[in-house]
Amino acid sequence: MSLNRFTLFGTLLGAAIGLGSVTPVLAAEVELPHQNWSFEGPFGTYDKASAQRGFLVYQQVCSNCHSMKQAYYRNLAGIGLSDEQIKAIAAQVDVPTIGDDGQPTTRKGLPSDHFKAPYPNEKAARAAQGGALPPDQSVLIKAREGGPDYIYALLTGYSEPPAGVKMGEGMNYNKVMAGNQIAMAAPLSDGRVEYTDGTKPTLEQEARDVTTFLAYIANPEMEQRKRLGVRVMLFLAALTCVTYAVKRQIWSDVHH
Amino acid sequence: MVGLHKSEFKNPVINWVDTRLPLFTMMTKEYGVFPTPKNFNYFWNFGALAMINLMIMIVTGIFLAMNYNASTAGAFDSVERIVRDVNYGWLLRYVHANGASMFFIVVYIHMFRGLYYGSYKKPRELLWMIGVVILLLMMATAFMGYVLPWGQMSYWGATVITNLFSAIPVVGDYIVTLLWGGFSVDNPTLNRFFSLHYLMPFVITGVVFLHVVALHITGSNNPLGIEPKSSQDTLPFHPYYTIKDSVGMCVYLMVFAALVFFAPDYLGHADNYTPANPLVTPAHIVPEWYFLPFYAILRSVPSKLGGVIMMFGSIAILFVLPWLDTSPVRSAKFRPIYRQLLYVFVVVCITLGVAGGKPPEGIWVVIGRVCTAYYFLHFLVILPLLGKLEKPLPLPESIANPVLTPIGGGPLPGGAMAKPMEKM
């Protein structure tokens, strides 16, 4: 009888949680091939070499059009860049400020600054992009069903439109994008970025690296979160055992 | 009743306080020696778990509110700032967001326990009805909380749900304008939702207090659904049930922690990581998972007012459940047909949840409608008739003597039974 109750409890709980997994099916119309990511699973961490290459892709390609306004230059420490490197990277941009004379001026960027956006506002972005707005990349990985698999599939999903498909003006064919038409031209290609660590910059490699970088930018707390999580789970497992033993002890003189 | 309380506490300080305000006597009476049926199974953990969950939500919520910016321009960024820059802000936010889901999981199981063991039946009707009030308050709180991050689902969910009130004849549009504080979901809406979202948990706490008071008047139901007859049938709440609830709490915290630390966004919706945009409607607007069955009922009715009435009716019907179920026997253990039909009902509710998450097209419309019809059929037809038609199994004589009355009755040898009482 008590076994039955536990099974039932488990089923209900499973069903309740399972409902959540039912919902996301909605938006994904194309099968997204699953990639192996270093940051998956309860012990997953970011592949720092890959994330650093991904930063190069971001710097040389994405950042020309996409903002990443929630992230700070100091966040780059999480992918293994040194303080000196971060200072140098931040100093490459000019940040608007008010000078001592009260007049608008600019200063060199600091590690504590947010990543500089390529356009001052949405209208400027649309004007420069033929009416399309490049989405902010701070939490882009979390804002798409399928997360990293989706971004990777999108970046590698460009091709010539199949015969008979009529494309809108300035639109590009992509098998992953909803409606198969995307304003962004294929951003990556073989050799698009120059890697400094000897890795061959194939399209797939660039897509994988930039996806890892964006995953880090969207979840900079992930490694700390999982580390703490493992400790919390171990503690709770031990506490459960002790509590259950005490319960057995207290109840030992009660006859059912 | 006027006069000092005769306190039995030896400690002079406690005695001094207790004589003037008998809080310690009350706690001992209600949570120490409180006579509790000895045959609870682990389903009886979920009331305590819901209480713990409420406290977790209030504590994390207070700290989140210290860092949250309730404005359409700042809400989304302030939530991201909490996750990125506030010390352990990610923990606060993920505990709070997943805590809402955990709260509904716990409360739905708590309600299933009530349905299975007939805990809503005389004399616990009012206890059950207060519980339904808590459920309604929880739903309102959860809905308004989901609006606060000001993502796409926040905005469009708020638009869809507040628009439901426009279905009310004559005054509907005025009510919606009042809810919005304007003519669309906008900054005033976000401000009032934040204010109410902060207020409601304390209202819930008050109603939970009434729920517990009512429980301590009637005493708890138990898996056999028969009233305790003597002290042989009960145990003092402490230490027996404090420790049993602690076991349940540990397991509950493990499920909770697994979500928070390893899958914090699993139960959420990706669209809510895109800032609210009144000019772009998401492809499918869906509420959080715990509202999906009700959302399916809403969409199953072709008329807007009809759908709204059915959706609220699906919860309102719980208020009169004690009178719809005509069977004098509480526990499904002794109601073989009811037990099977209750499982069917649970499957129907879960199917409604799945249907609520699908686009309302094709087979899902049909499934949604059939399940909606069955949901009401269960309460309005099956329960009243079943109570009259079903032949319940024989009930045991007492909790301590779970021998079925007609066969081999009579008391057991007393020695073994008396032993637990020595601990008091």
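### Details of the side chain of S67 of chain A
All names here are of chain A.
- Looking at the element boundaries, S67 is found in the loop between α2 (48–60) and α3 (83–91).
- The class for S67 is buried, based on a relative accessible area of 15%.
- In terms of polar contacts, S67 uses its side chain to reach the side chain of D136, at 2.6 Å.
- If we skip the residues at most four places from it in the chain, S67 touches A117, P118, P135, D136 and Q137.

### Examining the pattern of salt bridges
- What the rule picks out here adds up to 17 salt bridges over all chains.
- Among the ionic pairs, D77 of chain B bridges to K69 of chain A, the shortest N-O distance being 3.7 Å. With D77 of chain B in helix α4 (residues 75–84) and K69 of chain A in the loop between α2 and α3, this residue pair bridges two chains.
- As a salt-bridge pair, E227 of chain B and R330 of chain B come within 2.9 Å of each other at their nearest N and O atoms. You can see E227 of chain B sitting in the loop between α9 (187–218) and β2 (234–236) and its partner R330 of chain B sitting in the loop between α13 (321–324) and α14 (336–357), a full 103 residues away along the chain.
- Taking relative accessible area as the criterion, E227 of chain B reaches 31% and is therefore assigned partly exposed.
- Taking relative accessible area as the criterion, R330 of chain B reaches 10% and is therefore assigned buried.

### Concerning the environment of S7 of chain B
Residue and element names in this part refer to chain B.
- Within the secondary structure, S7 is located in the segment before α1 (12–20).
- Residue class for S7 comes out buried when judged on its relative accessible area of 17%.
- Separated by 16 residues in the primary sequence, S7 and L23 have C-alpha atoms spaced 10 Å apart.
- The contact partners of S7, leaving out residues within four places of it in the chain, are N15, D18 and T19.
- Within the local environment of S7, its side chain forms a polar contact with the backbone nitrogen of F9, the two atoms lying 3.3 Å apart.

### Quick look at the packing of helix α5 (residues 89–116) of chain B against α14 of chain B
All names here are of chain B.
- Interaxial distance between α5 and α14 falls to 11 Å at its minimum, and their mutual angle equals 155°. When the interaxial angle is binned, α5 and α14 end up roughly antiparallel. Of the two possible hands of crossing, α5 and α14 adopt the one that is right-handed. In this structure, α5 contributes F112, L115 and Y116 to the contact, and α14 contributes Y338, R339, L342, Y343, F345 and V346.
- Counted by class, the contact of α5 with α14 contains eight nonpolar, no polar and one charged residues.

### What about the pairing of strand β2 (residues 104–108) of chain A?
Residues and elements named next belong to chain A.
- Of the strand pairs in this sheet, strand β1 (residues 94–98) and β2 are connected by five bridges, and their pairing is antiparallel. Directly across from V95, in β2, lies its bridge partner R107.
- Hairpin connection from β1 to β2: five residues lie between these consecutive antiparallel strands, with G102 at a positive phi of about 85°.

### Comments concerning the domain arrangement of chain A
Residue and element names in this part refer to chain A.
- Considered domain by domain, chain A is made up of domain 1 (8–71 + 114–220) and domain 2 (221–256).
- Counting residues at the interface gives 11 residues for domain 1 and six residues for domain 2.
- Between E223 and K48 there is a salt bridge, and its shortest N-O distance comes to 3.8 Å.
- Taken together, domain 1 and domain 2 are joined by six residue pairs in polar contact (both at pLDDT 80 or more).
- When its residues are assigned to classes, the side of domain 1 that touches domain 2 shows five nonpolar, four polar and two charged.

Scoring rules and cut-offs
- Residues numbered from 1 in each chain as written.
- Chains lettered and ligands numbered in written order.
- Predicted model: local features only at pLDDT ≥ 70, side-chain atom pairs only at ≥ 80, totals over all residues.
- Heavy atoms only, no water.
- Helix = DSSP H or I, 4+ residues; strand = E, 2+ residues; numbered from the N terminus.
- Buried < 20%, exposed > 50% of the residue type's maximum accessible area, 1.4 Å probe, protein only.
- Polar contact = N/O pair within 3.5 Å; in protein donor to acceptor, adjacent residues only side chain to side chain.
- Contact = heavy atoms within 4.5 Å.
- Salt bridge = Lys/Arg side-chain N within 4 Å of Asp/Glu carboxyl O.
- Axes fitted to C-alpha atoms, helices over the stretch in contact; angles between N-to-C directions.
- Parallel < 35°, antiparallel > 145°, perpendicular 65-115°, else oblique.
- Left-handed = near helix turned anticlockwise from the far one by under 90°.
- Nonpolar A, V, L, I, M, F, W, Y, C, P; charged D, E, K, R; others polar.
- Pairing = 2+ DSSP bridges.
- Domains from an automatic or database assignment.

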